[in-house]
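Observations on chain architecture
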Amino acid sequence: PLPDRLVAVDYAIAHSFIVTDFIDGVNLQQFLKRNKRSLRNEANARTLWKQILEQVMLLYNSNVYHRDLKLSNFMITPRDRIHIIDFGFSVFRNNDLQVKDFCGSTYYMSPELTAKSPYRVEPCEVWALGVMLLKLLTDTYPFNRYLRRH
């Protein structure tokens, strides 16, 4: 199974296409801005975090790496259901794969990505998830001051 509301996966010679239903809601970055107090509540944060991890695990169990995990790539519906979106950087999972292309969002990039050397995707995904959790709980990014200067 892939993320909720998946309509179809179609494979062409050099491309894969993922088609999903329209998701009524806002991305988690917008949600965080509107609801800062609610995410400081550990129970609310835990509920959202569990759904985020479930969406990512559905991808991993389908042998897909997202490669751009960040709050704005998760939608939340009015009923508080989480859906992962934006598969533009996704690749099929291969544990031995050393990736050479660099993608993602600065605040969520692991040290391997910022070093611009070949890297394994899975540890970088775990790093991005850690950044997401910190942002959900504290509304700050790690190394925020450093990143703003560079």
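In case you missed it, the structure is sitting above this.
Now for a description of the structure that goes with this document. Keep in mind the model is a prediction, meaning the values are calculated, not measured.

Turning our eyes to something else, we now look at the side chain of Glu 125. Residue placement: Glu 125 occurs in helix 5 (residues 121–138). Here Glu 125 sits buried without a salt bridge, and the closest side chain of opposite charge, Arg 67, lies 6.8 Å off (N-O distance). Within the local environment of Glu 125, its side chain forms a polar contact with the backbone nitrogen of His 66, the two atoms lying 3.2 Å apart. Excluding its chain neighbours within four sequence positions, the residues that come into contact with Glu 125 are Tyr 60, Tyr 65, His 66, Arg 67, Asp 68 and Leu 69.

The topology assignment puts Arg 120 in the loop between helix 4 (111–114) and helix 5. You can call Arg 120 partly exposed: its relative accessible area is 37%.

A few words now on the sheet that holds strand 3 (residues 26–27). The strand order 3-5-6 describes an open sheet built from three strands, whose pairing is antiparallel. Only two strands of the sheet have a single neighbouring strand rather than two, namely strand 3 and strand 6 (82–84). In the sheet, strand 3 pairs with strand 5 (residues 74–76) via two bridges, with the strands oriented antiparallel. When the sheet's bridge partners are listed, Val 26 is paired in strand 5 with Ile 76. Relative to the sheet, helix 3 (residues 42–61) contacts strand 5 and strand 6, its axis offset from that of strand 6 by approximately 30 degrees.

Scoring rules and cut-offs
Residues numbered from 1 in each chain as written. Predicted model: local features only at pLDDT ≥ 70, side-chain atom pairs only at ≥ 80, totals over all residues. Heavy atoms only, no water. Helix = DSSP H or I, 4+ residues; strand = E, 2+ residues; numbered from the N terminus. Buried < 20%, exposed > 50% of the residue type's maximum accessible area, 1.4 Å probe, protein only. Lys, Arg positive; Asp, Glu negative; His and termini not counted. Salt bridge = Lys/Arg side-chain N within 4 Å of Asp/Glu carboxyl O. Polar contact = N/O pair within 3.5 Å; in protein donor to acceptor, adjacent residues only side chain to side chain. Contact = heavy atoms within 4.5 Å. Pairing = 2+ DSSP bridges. Axes fitted to C-alpha atoms, helices over the stretch in contact; angles between N-to-C directions.

The values are spatial; any link to function lies outside them.
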